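The residues making up each chain are set out below.
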Amino acid sequence: MEIGSGELPYGEVRSIPPALKNILQNFFENEIMIPVKPDISVFSTPRRVAVIIKKLPEKTPHRELEIVGPPLSISYRGDIPAAPLVQFMKKNGISNPKNIYIINQKKGAYVACKKTIKGAALRDLLKENIPGIIKKIPYKKTMFWLNKEIRYPRPVLWILSLFDGKPLPFNFGDIKASGRTYLKTGLSYKPRSIKIIDSEDYFNVLSSGGIILKNDVRKEYIEKELLTLSKKLNADMPEYDDDFIDEIAGLTETPFAASCGFDKKFLEIPKELLSVVMRKHQRFFPLSADGALLPYFIGIADVIPRPSLEDSLRHNIKSGYSKVLTARLADADFFFKEDIKKPPELFIENTKNILFYEGLGSYYDKTERIKKLGVFIAREGNFGDDDAADFKTAAGLLKFDLATHVVYEFPEMQGIIGKIYAKIFNESEKVSLSIEEHYYPVTKAKRRVLPSNDLSALCSLSDKLDTVFSFVMLKKLPSGESDPFYLRRAMIGVIEIILDKKYKIDLSRIFDFYFANFFKERKLNSGDLKKDFINFANTRFKNFLLTAGYKPDEILSVPVSESSCDFYTAFLKIDFLSKYKLHEKIFELSQVYKRINNITYKYSGIADFDAAKLAAPEEVRLIKAFESVKKNMLHTLKKNDYTETMNEMHKLTGPVSDFFDKILVLADEEDTRNSRIGLLNNILNLLNNFCDFSNLSY
């Protein structure tokens, strides 16, 4: 099947094939239950979505289904079927109650019946179901043209449908499927239809028309053309990430590469701005040699150059692309030159007119919060004096470029142009770089790039935590899949920076500072808001670690508390457990922990013990071991030396075992019983300083 349409957006070209394949697999395997798993291939270009399915049977087999009905408890009144059972029998065409039987499930007893589904010709089933399958595709945006019930991202122009080499007609709105496809001629589509015999013929016809149906083949073709043309211009192979080349491949079905040029005077524009104009706005490939941009670029058109027209067509494309780019570069050049005429103070003042969010003030207000917050974070995280001093300068410049002409016209330059302007305004390299990198982490070429130094990291943490904290105050943390303010991304960025830079920072204290300095007067409940933030941050931390390959029990065993939200220390413990969970000492400690917990969990409120009441040799030995381990453990934990911490904790296993072997914990005498329980609870609390061993799975 092929669905031909108006030109699809790249997002749909990319998303339709996997979605349609999943829908078809579900249809064949779960709805009509064919015995052999079919081979389904789905391809897409801007003009067509093609499906080729192999290994299909001519008919579906007869099959018997077990259909579960209502609970037994409501199905009968005495021996007579009650209304729910009558309805169930009627729905499934059962007239004789003897055909109903009882099955036991987890939730109890239910009535059930067996129903025979006769096999049907697959051709008829496809004819009946394909229109509905097309409707099920989850498009990002749809439109309708003649029939409001029929929606598709662009108007459907034709549908090719063949089953075993013969047309399989069905209607999709006003379009009747046939055995013909349509090909483009020259620069436009003309009503030139071609009859298709089978899938092999289909690929041959498309290939003869210059169409490369397979996305990966189309991408390889474009890459070869890029290499060939760049060599002719003595340029390096253009740099691009996978997303960019995928998008170019998704915007063409007959890719045609043309090398073009622009006026050298535009090379005075910062190369980052030139690249953004070419890549983001025109989908062109900039060319460079030895790191310097050249006045050339490569554009990929979607045309079929016939040999007799190739030279003129290439000339027209080059001329058109160069004119379009020249206009955009002239705009960029004008905006850049206008911006650098003005002092940074003017842009900073103008951020007062750019709203951050209703109730949170302008970007000027956000900058003022960032300044104070960053100073506190620097003190909490023991940042160097030089970084703390540079932060005072950098923090005031982080958002100034939002008021520039360049960012207004080219939002992708946010941060990047700020760095460039800061250098022009004679700021240091480090301060200038922090303006760009405070938006990090970012993904470049499928690789996470984090701030390169402590100043940039401090700027990024301050900005992201202000964003998250401020929306916590408005009670607008994301729920479900919706996250319009990208708060999850901001929080994950905070966690990535903390772990990458090894910052031992208590986010709970930072939250308290933020609330006290910026939102205390709003009469909000600090305790509830803080709990919301810690839960939100902790969920992001757990998800981040799960993605990184750590196991759920390892993560759960090191809870991040509301009183001390230190993700770096928690990560070190989890990482240690991931490597040493199977070590005999950790295993034995987990057994001791669980043994103590099994006795004391009902008495968690008893937190003290009287050593004078514990005079038995086993009790005295355990107390001495506890006191010694406690003293040494606090030292090893402070140094994050978890190997020594493990060795110290393990010193308790022998005394605890002896204690349980010789001592009756739940003694009749109340003071003695409470002291023994109190001692054991103190040992549990000491071990909890490292982790909750009860959550480790073996």
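Residues numbered from 1 in each chain as written. Predicted model: local features only at pLDDT ≥ 70, side-chain atom pairs only at ≥ 80, totals over all residues. Heavy atoms only, no water.

Undergrad: What is the right way to read the overall build of the protein from this model?
TA: Counting secondary structure elements, the protein contains 25 helices and 22 strands. In terms of C-alpha radius of gyration, the protein reaches 34 Å, well past the compact-globule figure of 26 Å for 698 residues. C-alpha extents for the protein along the principal axes are approximately 105 × 90 × 50 Å. Residues counted as buried form 47% of the 698 residues belonging to the protein. Of the contacts made within the protein by residues no fewer than 6 positions apart, 68% connect residues no fewer than 24 positions apart. (Helix = DSSP H or I, 4+ residues; strand = E, 2+ residues; numbered from the N terminus. Rg over C-alpha atoms; globule rule 2.2 N^0.38 Å. Buried < 20%, exposed > 50% of the residue type's maximum accessible area, 1.4 Å probe, protein only. Contact = heavy atoms within 4.5 Å.)

Undergrad: I tried to follow the pairing of strand β8 (residues 108-117) on my own but got confused; where do I start?
TA: Across a regular strand the side chains alternate sides, sitting on one face of the sheet and then on the other. As paired elements, strand β4 (residues 63-71) and β8 share seven bridges and run antiparallel to each other. Along β8, the bridge assignment pairs arginine 63 with isoleucine 117. Alignment of strand β7 (residues 101-105) against β8, held across five bridges, turns out to be antiparallel. In the sheet register, glutamine 105 faces β8, and the bridge partner there is glycine 108. In this structure, the hairpin formed by β7 and β8 is closed by a connection of two residues. (Pairing = 2+ DSSP bridges.)

Undergrad: Help me understand the packing of helix α10 (residues 363-380) against helix α11 (residues 385-397) in this model?
TA: Packed helix pairs are characterised by how far apart their axes lie and by the angle those axes make with each other. Where α10 meets α11, the axes come as close as 9 Å, and the angle between the chain directions of the two elements is 165°. By the angle between their axes, α10 is roughly antiparallel relative to α11. The handedness of the crossing between α10 and α11 comes out as right-handed. Facing α10, whose interface residues are Thr367, Ile370, Lys371, Gly374, Val375 and Ala378, α11 presents Ala388, Phe391, Ala395 and Gly396. (Axes fitted to C-alpha atoms, helices over the stretch in contact; angles between N-to-C directions. Parallel < 35°, antiparallel > 145°, perpendicular 65-115°, else oblique. Left-handed = near helix turned anticlockwise from the far one by under 90°.)

Undergrad: Hey, could you run me through unusual backbone geometry in this one?
TA: Leaving glycine aside, a negative phi is the common case for residues, and trans is the common case for peptide bonds. Cis geometry marks the peptide bond from tyrosine 440 to proline 441, where omega comes out at 10°. Its place among the elements puts proline 441 in the loop between α14 (429-437) and β21 (442-444). Unusually for a residue other than glycine, arginine 283 sits at a positive phi of about 60°. Note that arginine 283 resides in the loop between α7 (271-281) and β17 (285-289). In the Ramachandran plot, asparagine 426 falls in the positive-phi region, its phi being about 70° despite a non-glycine side chain.

Undergrad: What is the right way to read the sheet that holds strand β9 (residues 156-160) from this model?
TA: Backbone hydrogen bonds are what pair the strands of a sheet, in a parallel or an antiparallel way. Overall, antiparallel pairing links the four strands, which are arranged β2-β3-β1-β9 in an open sheet. Each edge of the open sheet is held by one strand with a lone partner, namely β2 (39-44) and β9. Each adjacent strand pair in this sheet contributes to an overall mean axis angle of 10°, direction not counted. The pairing of β2 with strand β3 (residues 48-54) spans six bridges and is antiparallel. Along β3, the bridge assignment pairs phenylalanine 43 with alanine 50. Contacts from helix α4 (residues 199-208) reach β1 (2-5), β2, β3 and β9 within the one sheet, and its direction differs from that of β3 by about 150°.

Undergrad: Just checking my understanding: could you explain the sheet that holds β7 for this structure?
TA: Strand order in this open sheet of three strands is β4-β8-β7, and the pairing throughout is antiparallel. One side of each edge strand has no neighbouring strand; the edge strands of this open sheet are β4 and β7. Each strand axis lies, on average, 45° off the axis of its neighbour in the sheet, ignoring direction. Taken strand by strand, helix α2 (residues 83-91) contacts β4 and β8, and its axis lies near 160° from that of β4.

Undergrad: It is not clear to me how the pairing of β17 should be interpreted in this structure. Could you clarify?
TA: As paired elements, β17 and strand β18 (residues 292-302) share four bridges and run antiparallel to each other. Across the sheet, residue serine 288 finds its bridge partner in β18, namely leucine 293. Linkage of β17 to β18, two consecutive antiparallel strands, is achieved through a turn of two residues, within which aspartate 290 is found at a positive phi near 55°.

Undergrad: Got a minute to help me understand the nonpolar core in this structure?
TA: A general feature of soluble globular proteins is that nonpolar side chains tend to end up buried together. Ranked by size, the top nonpolar core spans 134 residues in total, and within it Met491, Leu507, Phe533, Phe541, Ile683, Phe690 and Phe693 carry the most contacts. Among the elements that take part in this core, helix α15 (residues 454-473) stands out by supplying eleven residues, more than any other. Excluding residues that lie within four positions of it along the chain, phenylalanine 541 makes contacts with Ile495, Leu499, Val560, Phe567, Ala570, Phe571 and Ile574. The next biggest cluster of nonpolar side chains, apart from the first, holds 33 residues, and it includes Phe27, Ile134, Val156 and Leu168. (Core = buried A, V, L, I, M, F, W, Y, C linked by side-chain atoms within 4.5 Å.)

Undergrad: Can you walk me through the state of the cysteines in this structure?
TA: Here, disulfide denotes a covalent bond that connects the sulfur atoms of two cysteines. Under the defined criterion, the tally for this structure stands at zero disulfides. As a non-bridged cysteine, cysteine 565 has cysteine 691 as the owner of its nearest cysteine sulfur, 18 Å distant. Note on cysteine 691: relative accessible area 1%, which makes it buried. (Disulfide = S-S within 2.5 Å.)

Undergrad: Just checking my understanding: could you explain the packing of aromatic side chains for this structure?
TA: Going through the model one piece at a time under the given rule, you end up with 38 aromatic pairs. Centre to centre, the rings of phenylalanine 576 and phenylalanine 690 are 6.0 Å apart; their planes meet at 85°, and the pair counts as edge-to-face. Of this pair, phenylalanine 576 sits in helix α20 (residues 567-580) while phenylalanine 690 sits in the segment after α25 (670-688), and the two are 114 residues apart along the sequence. You can call phenylalanine 690 buried: its relative accessible area is 1%. (Phe/Tyr/Trp six-rings, centres within 6.5 Å; stacked < 30°, edge-to-face > 60°.)

Undergrad: Please explain the environment of isoleucine 416 as it appears in this structure.
TA: Positionally, isoleucine 416 belongs in helix α13 (residues 416-424). When the C-alpha atoms of isoleucine 416 and glutamate 272 are compared, they prove to be 7.5 Å apart, with 144 residues separating the residues in sequence. Apart from the residues lying within four places of it in its own chain, the contact partners of isoleucine 416 are Glu272, Asp401 and Glu436.

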